Amino acid sequence: MKLVIAADHAGFPLKEDVRAYLETKGHEVVDLGAFNGNEPDDYPDFAEKVGEAILAGVSKKGILICGSGVGVCVAANKIPGIRAGMCHDTYSAHQGVEHDDMNVVVFGARIIGSALAYELADSFLAAKFISNEERFTRRYNKVLAIEAKYQCGDGSASKA
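Going along each chain's sequence as written, the residues are numbered from 1 onward. Totals for whole chains, interfaces and linings use every residue, but because this is a predicted model, local features are given only for residues with pLDDT of at least 70 and side-chain atom pairs only at 80 or more, for both listing and counting. To get the side-chain values, all heavy atoms of the structure are used, and hydrogens and water are removed first.

S.K.: Would you explain the environment of glutamate 133 in this entry?
M.R.: Here glutamate 133 shows up in the loop between helix H5 (114-126) and helix H6 (134-149). In sequence terms glutamate 133 and histidine 99 are 34 residues apart; their C-alpha atoms lie 8.8 Å from each other. Helix and strand definitions here come from DSSP, where helices need a minimum of 4 consecutive H or I residues and strands a minimum of 2 consecutive E residues; each element is numbered from the N-terminal end.

So this is what it looks like as structure tokens:
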């Protein structure tokens, strides 16, 4: 599978571990930065890179990492079409895809270690949205309606 991955400076070491692990499993991993953990940077920049790459068709799924996971999760979910979920357990990592069509999994590098991150990435990437289950598609369509309600063509919330 082809996927995109990014992290800020706080998530850089875990990103490197996860990227290397996924490559050994045969996945094509497009690394969108950060490329070192020594320079200060801003997590929204990496959330936007992953979101834009998914919307551009580079891949269908992505992984984002920052210190807690919260920042990149909040930022990524501002991008229409991105459904990011912070997952620190394997159930959420696959259930978020199966029930909610989550396309970005988020990890907190200061919360989990590499071994758990590998398990979470495997669960996330193996999962498929259960589109033939009416309750999941009904709920998914409601989420899309909320997204559309608050977005204008320019990406703002302006009613103009």
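More follows now that the structure is in view.
S.K.: When you look at the pattern of salt bridges in this model, what are you seeing that I'm missing?
M.R.: Side chains that differ in charge, positive against negative, can pair when their charged atoms come close. By definition, a salt bridge exists where a carboxyl oxygen of Asp or Glu is found within 4 Å of a side-chain nitrogen of Lys or Arg. Scanning the model with the defined rule gives nine salt bridges in all. Close ionic contact of aspartate 31 with lysine 15 constitutes a salt bridge, the shortest N to O distance being 2.7 Å. Taken together, the residues span a long stretch of sequence, with aspartate 31 in strand E2 (residues 28-31) and lysine 15 in helix H1 (residues 12-24) at a distance of 16 residues.

S.K.: For this particular structure, what's the right way to read the side chain of asparagine 103?
M.R.: Relative to the helices and strands, asparagine 103 is located in the loop between helix H4 (90-100) and strand E5 (104-108). Here asparagine 103 falls in the buried class, since its relative accessible area comes to 6%. Here a polar contact is recorded for every N or O atom pair within 3.5 Å, except that within protein the pair must consist of a potential hydrogen donor and a potential acceptor, and residues adjacent in sequence are included only if both atoms are side-chain atoms. Separated by 2.8 Å, the side chain of asparagine 103 and the backbone nitrogen of arginine 83 make a polar contact. Whether two residues are in contact is decided by their heavy atoms, any of which lying within 4.5 Å being enough. Leave out the neighbours within four places in its chain, and asparagine 103 touches Ile54, Lys60, Lys61, Gly62, Gly81, Ile82, Arg83 and Phe124. To sort residues, take the accessible area from a 1.4 Å probe on protein chains only and compare it with the maximum for the residue type: under 20% means buried, over 50% means exposed, and anything in between is partly exposed.

S.K.: Mind showing me how you'd approach the packing of H4 against H5 here?
M.R.: A packed helix pair is summarised by two numbers, namely the angle formed by the two axes and the spacing between the axes. Relative to each other, H4 and H5 sit at 20°, their axes nearing to 8 Å. Considering the angle they form, H4 stands roughly parallel to H5. Considering how the two elements wind past one another, H4 and H5 form a crossing that is right-handed. When H4 is examined against H5, the residues Thr90, Ala93, His94 and Val97 are found in contact with a partner set consisting of Glu119, Leu120, Ser123 and Phe124. Lines are fitted to the C-alpha atoms to define the axes, a helix being fitted only along its stretch in contact, and any angle between axes, read from their N-to-C directions, falls within 0 to 180 degrees. Orientation categories follow fixed angle ranges, with anything under 35 degrees roughly parallel, anything over 145 roughly antiparallel, 65 to 115 roughly perpendicular, and all other angles oblique. By definition, any crossing whose near helix is turned counterclockwise from its far helix by less than a right angle is left-handed, and any crossing with a clockwise turn is right-handed.

S.K.: Help me understand H1 in this model?
M.R.: Helical geometry note: an α-helix holds 3.6 residues per turn, so side chains three or four residues apart project in the same direction. Taking 1.5 Å of rise per residue, 13 residues should cover 18 Å, and H1 covers 19 Å from first to last C-alpha, within 8% of that figure. Residues of H1 that are buried in the fold lie against strand E1 (2-7), E2, strand E3 (61-66), E5 and H5. Phi turns positive, to about 95°, at glycine 26, one or two residues after H1. The span one expects for a helix is its residue count, reduced by one, times 1.5 Å.

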